[in-house]
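# Topology and contacts: notes
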Amino acid sequence: MIADILTGALRSGTSVMLASQGELISERAGVINLGTEGSMLGGALGGFAVTVWTGNPWLGTLAGGLCGLLMSLIHAFLVITCGANQLATGLTLMFFGMGVTAFFGRGFVSEQIVGFNPVPIPLLADIPLLGQVLFNHDPLTYLSILLVPLLWLLLFRTRLGVIVRAAGEREEVLLAAGINPQLVRYAAVLAGGFLAGVGGVQLAVAFTHSWVENMVQGRGVVAVALVIFASWKPLRAMLGAYLFGAAQALQLTVQQSGLPISPFFLFMLPYLLTLAALYLVELRQRSRMPEALGRVFTGTSGG
Amino acid sequence: MKKRMLYQSMLLLIATILLLSACSQPGAEPSGNAQAEGDNGGATSADDTNAGGDGDAETAEAPGTGGSAVGFIFVGARDDYGYNQAAYLGSEAVEEAFPDLKVLRSENVPETAEAERVMEQMIRDGARIIFPTSYGHLDPALNVAKRHPDVVFYHQGGLKTADNLGTYFGTIWEPVYLAGIAAAEMSESGKLGYIVSVPIPQVLLNVNAFELGAQSVNPDATTSVVFTGSWCDPGQQANAANSLIDSGVDVLSQHQDCTKTVIETAERRGAMSVGYHADASSLAPEGWITGSVWNWPDLYVDMVQTAIDGEFADSEYDGKYRGMLADDVVQLTGYGANVPEDVQALVEEKKAALLEGTLQPFLGPVRDQSGEVRIAEGETPTLDELEAADFLVEGVIGSIPK
């Protein structure tokens, strides 16, 4: 039963995890993108559609990532170039994403695809407990697990990472070094959109093999929340996403156990558990948000 | 300043999550006694004045006559392998049977005052017969019906009616009972799974019928019921399907609006499927057992004919019409390729008994999960009593709020 819950954690947490890693990059560079939900929807539809057309889920992944990126490009343009309010723009984009994907997705509801299927890793998959939990997933899930340490290295151990973080902390530093902080932010928001798009692809092409309108159902919003509660740290965001997935699996397991607990309470459980756990982490170690996060960039030094 | 920003964004996030979860349940299902009483008051006087036109002139004629179109509104997409697809097929039959009538369709119509606007537009476009097909379209339809006594409304599954608004539905629990028999016969583990949305009477009635059918051939058969909290969330559906299969369930059924994800997930994992709403056997060539579906075409055509002939008033549709298996309004689909002859024969035998009336699925004693007798020995509940189901029968694993 524990193994089932942990496996479920990865199965249903991966799409959220990918989106939260993307959002983390964006926020590290100083831009909150509440439109992550829209990027995920774009990715889910784009990935599903291209998989239908080409029969190749890898092309679908690429296309889905690009759709997510396009969504976030709108956000980047409005926020970074036009100086629009980040929260308002992001919220609007989220609803725009729902509408536009429902419109273009009409014809794909009944389509069937051969998407990503679980690929057990030889030998490792035979390890008791661990093998089932970690080594019997679809390729996108494996890639997403590798992504997290790579992202951590990139952000905290490379010059590029310093540049990205500087854009979210002190843009004067970048200006002094002759780097355009606007460009850095654009790149970070687009990278974030791409990852959110791939998260949508994982949901549509790997996990469910389906497209229906508004299928992301708030997972993008949870991803944004996770970044904040995970104090902008990749590893914590990953754990938060898996915890969210585990709680979803747990509530299904509890329902099947026949314990007299109202399903309506269980529906809240993933959100409650995730919030509680991240709150506890927060209590032990005060987090610091990127200093310039959410500030509308004016283009001049210091502001 | 920064702190405030943080709190602001958290607040906004929480508000958004709430908003999303509130919007994400179209609730296309009729829900027994869960309806709200009274009008929801979405009518605007503007609608009254610009749509009343030719309505006044025709009040002398019977409602439903003299139109040039028939309107259908759906809460979802027409090809969802589910609830809306079934209704859509019905609208196609109307189109075919009445070449002179234009069929107006509107998909993804929310269950709000927006539905009134859509119906008003259809009436302006010549419709004198309108099918609001989702449970939540009832109150908007009642409002529009009041303003247009010359238009006939056929609402799917409603429990309230008006002079020119009748409701229709089918006793889908009959084929679901038969499907339960087939499922228990096919299952090796005797563990069946049922993925449902929210605990409303309509859903509980189906789960109970399924388990009673299964028990009738295998007294030890259990049905594990899992609520997803939504009518169509593929992610949570896949989760639920995987979770049930992991725990040893080998036949999955469901009560969701979109049925594709669960059936495909079961097929990929080597489990069997019992379908709902529409025939999805093409999605599961290996694991399809059978399914319970709506057969709206003939009924819709007859309802439209009745209205056109000016005979809506005092017809069987002028009130709460409930079509049964015997009326062919609900059906059992064909069997999957891997269902053996003897299982098919057994189910057909039970079906014949059901049609004859010698088999009563809910004949007492029926016990609930706690073992308490809910339907007394020898008693057969009425349709109204069944549609108000508020318990799960013994043998169902899962829990509902008391």
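Residues numbered from 1 in each chain as written. Chains lettered and ligands numbered in written order. Predicted model: local features only at pLDDT ≥ 70, side-chain atom pairs only at ≥ 80, totals over all residues. Heavy atoms only, no water.

### Side note on the overall build of chain A
Helix and strand counts for chain A come out as 12 helices and two strands. Relative to the 2.2 N^0.38 estimate, which gives 19 Å for 303 residues, the radius of gyration of chain A is 19 Å and therefore close to what a compact globule would have. Its C-alpha atoms give chain A principal-axis dimensions of about 60 × 50 × 40 Å. When burial is assessed residue by residue, chain A has 59% of its 303 residues classed as buried. Excluding contacts between residues fewer than 6 apart, the proportion of contacts in chain A whose partners are at least 24 apart in sequence is 77%. (Helix = DSSP H or I, 4+ residues; strand = E, 2+ residues; numbered from the N terminus. Rg over C-alpha atoms; globule rule 2.2 N^0.38 Å. Buried < 20%, exposed > 50% of the residue type's maximum accessible area, 1.4 Å probe, protein only. Contact = heavy atoms within 4.5 Å.)

### Observations concerning the UniProt feature "transmembrane region" (unreviewed entry) in chain A
Residue and element names in this part refer to chain A. The residues that UniProt annotates with the feature "transmembrane region" (unreviewed entry) are residues 58-80, 87-109, 140-162, 183-204 and 264-281. A distance of 31 Å separates the end C-alpha atoms of residues 87-109, which is 78% helix and 0% strand. Note that residues 264-281 is 100% helix and 0% strand, and that its end C-alpha atoms are spaced 27 Å apart. (UniProt positions renumbered as here; feature names shortened; annotations may be inferred.)

### Examining the packing of helix 6 (residues 139-157) of chain A against helix 9 (residues 181-207) of chain A
All names here are of chain A. Contact geometry of helix 6 with helix 9 gives a least axis separation of 10 Å together with a crossing angle of 150°. Relative to helix 9, helix 6 is oriented roughly antiparallel. As for how helix 6 packs across helix 9, the hand of that crossing is left-handed. Along its contact with helix 6, which presents L140, T141 and L147, the element helix 9 presents L195, V198, V201 and Q202. Residue composition of the contact of helix 6 with helix 9, by class: five nonpolar, two polar and no charged. (Axes fitted to C-alpha atoms, helices over the stretch in contact; angles between N-to-C directions. Parallel < 35°, antiparallel > 145°, perpendicular 65-115°, else oblique. Left-handed = near helix turned anticlockwise from the far one by under 90°. Nonpolar A, V, L, I, M, F, W, Y, C, P; charged D, E, K, R; others polar.)

### Structural notes on the state of the cysteines
All names here are of chain B. One pass over the structure, following the stated rule, counts one disulfide over all chains. In this model, C232 is linked to C258 through a disulfide, with the two sulfur atoms separated by 2.0 Å. Because the sign of the S-S torsion sets the handedness, a value of about 105° for the bond joining C232 and C258 places this disulfide among the right-handed ones. Within this pair, whereas C232 is found in the loop between strand 7 (222-227) and helix 9 (234-246), its partner C258 is found in the loop between strand 8 (251-255) and helix 10 (260-268), the two being separated by 26 residues in sequence. Take C258: its relative accessible area is 5%, and that puts it in the buried class. (Disulfide = S-S within 2.5 Å.)

### Observations concerning a negative patch on the surface
All names here are of chain B. A surface patch of like charges, here negative, comprises D298, D302, E316, D327 and D328. Within the secondary structure layout, D298 lies in helix 11 (residues 296-308). The exposed category is assigned to D298, whose relative accessible area is 55%. (Patch = residues over 30% accessible without salt bridge, like charges linked within 9 Å, V, L, I, M, F, W, Y side chains within 5 Å. Areas by Shrake-Rupley, 256 points an atom, 1.4 Å probe, with all protein chains shown as cover. Salt bridge = Lys/Arg side-chain N within 4 Å of Asp/Glu carboxyl O. Lys, Arg positive; Asp, Glu negative; His and termini not counted. Charge placed at Lys NZ, Arg CZ, Asp CG, Glu CD.)

### Examining the sheet that holds strand 10 (residues 288-294) of chain B
Residues and elements named next belong to chain B. Strands sit in the order 12-10-9-8-6-7-15 across an open sheet of seven strands; the sheet is mixed. Strands at the two margins of the open sheet, each flanked by one partner only, are strand 12 (330-332) and strand 15 (396-397). Bridge count between strand 9 (residues 272-277) and strand 10: five bridges; the pairing is parallel. Among the inter-strand pairings, G275 is bridged to a residue of strand 10, identified as G291. (Pairing = 2+ DSSP bridges.)

### Remarks on the pattern of salt bridges
Tallying each qualifying case throughout the model produces 18 salt bridges over all chains. The residue D233(B) makes a salt bridge to R219(A) at a minimum N-O spacing of 3.3 Å. Of the two residues, D233(B) sits in the loop between strand 7 and helix 9 while R219(A) sits in helix 10 (residues 219-229), which places them in two different chains.

### Considerations on the side chain of Q237(B)
Residues and elements named next belong to chain B. Tracing the chain through its elements places Q237 in helix 9. Take Q237: its relative accessible area is 0%, and that puts it in the buried class. Contacts of Q237, omitting those with residues within four sequence positions, involve I195, W231, C232, Q256, C258, T261 and V262.

### Considerations on the packing of helix 7 (residues 173-186) of chain B against helix 12 (residues 341-356) of chain B
Residue and element names in this part refer to chain B. The contact between helix 7 and helix 12 brings their axes to 10 Å, and the two run at 155°. Taken together, helix 7 and helix 12 sit at an angle that is classed as roughly antiparallel. In the packing of helix 7 onto helix 12, the handedness of the crossing is right-handed. Across the interface between the two elements, E174, L178, I181, A182, E185 and M186 from helix 7 touch V343, L346, V347, K350, K351 and L354 from helix 12. Here the contact of helix 7 with helix 12 is composed, by residue class, of eight nonpolar, no polar and four charged.

### Things to note about the sheet that holds strand 2 (residues 102-106) of chain B
Residues and elements named next belong to chain B. Strand order in the open sheet formed by six strands is 2-1-3-4-5-11, and the pairing between neighbours is parallel. The open sheet has two free edges, formed respectively by strand 2 and strand 11 (320-323), since each of these has just one partner strand. In this sheet, adjacent strand axes meet at a mean angle of 20° when their direction is disregarded. Judged from the two bridges that link them, strand 3 (residues 127-132) and strand 4 (residues 152-156) form a sheet pairing that is parallel. Residue I129 lies in a different strand from strand 4, and its bridge partner there is V152. Set on the sheet, helix 4 (residues 83-97) makes contact with strand 1 (69-73), strand 2 and strand 4; between it and strand 2 the angle comes to about 165°. Against the sheet, helix 11 touches strand 1, strand 3, strand 4, strand 5 (165-170) and strand 11, its axis set at about 160° to strand 4.

### Observations concerning the environment of E116(B)
Structurally, E116(B) can be placed in helix 5 (residues 113-124). Taking the C-alpha atoms as reference, E116(B) lies 9.1 Å from D139(B); in sequence the two are 23 residues apart.

### Looking at helix 12 of chain B
Residue and element names in this part refer to chain B. Helix length check: helix 12, at 16 residues, gives a terminal C-alpha distance of 22 Å against a target of 22 Å (1.5 Å per residue), a fit within 8%. Of all the positions in helix 12, only V343, V347, K350, A353 and L354 are classed as buried. Viewed along the axis of helix 12, the buried residues span an arc of 115°, placing them on a single side of the element. Away from its buried face, by an angle of more than 90 degrees, helix 12 presents the exposed residues E341, D342, E349 and E356. The secondary structure elements touched by the buried residues of helix 12 are helix 7, helix 8 (201-217) and strand 12. (Expected span 1.5 Å × (residues − 1). Arc of directions from axis to C-beta.)

### Some points on the environment of D246(B)
For D246(B), the position within the fold is in helix 9. Overall, the relative accessible area of 23% leaves D246(B) in the partly exposed class. Distance in space between the C-alpha atoms of D246(B) and R269(B) is 9.7 Å, their sequence separation being 23 residues. Dropping the residues within four chain positions of it, D246(B) is found in contact with D4(A), R11(A) and R269(B).

### Concerning the interface of chain B and chain A
When the parts of a complex come together, some accessible area is lost, and that lost area is often used as the size of the interface. In this assembly, 55 residues from chain B lie in contact with 56 residues from chain A. Summed over both sides, the interface of chain B with chain A buries roughly 4,500 Å², with 62% coming from carbon and sulfur. The interface formed by chain B and chain A includes 13 residue pairs in polar contact (both at pLDDT 80 or more). Here the side of chain B that touches chain A takes 11 residues from helix 1 (residues 2-23) of chain B, the largest share from any one element. (Buried area = accessible area lost by both parts, 1.4 Å probe. Polar contact = N/O pair within 3.5 Å; in protein donor to acceptor, adjacent residues only side chain to side chain.)

### So, unusual backbone geometry
Cis geometry is found at the peptide bond from G364(B) to P365(B), where omega equals 5°. Residue placement: P365(B) occurs in the loop between helix 12 and strand 13 (366-367). You will see that L129(A), though not glycine, has its phi angle at about 60°, which is positive. By the secondary structure assignment, L129(A) is in the loop between strand 1 (119-120) and helix 5 (130-134). Positive phi is not limited to glycine here, since N214(A) has a value of about 55°. The residue N214(A) is located in the loop between helix 9 and helix 10 in this model.

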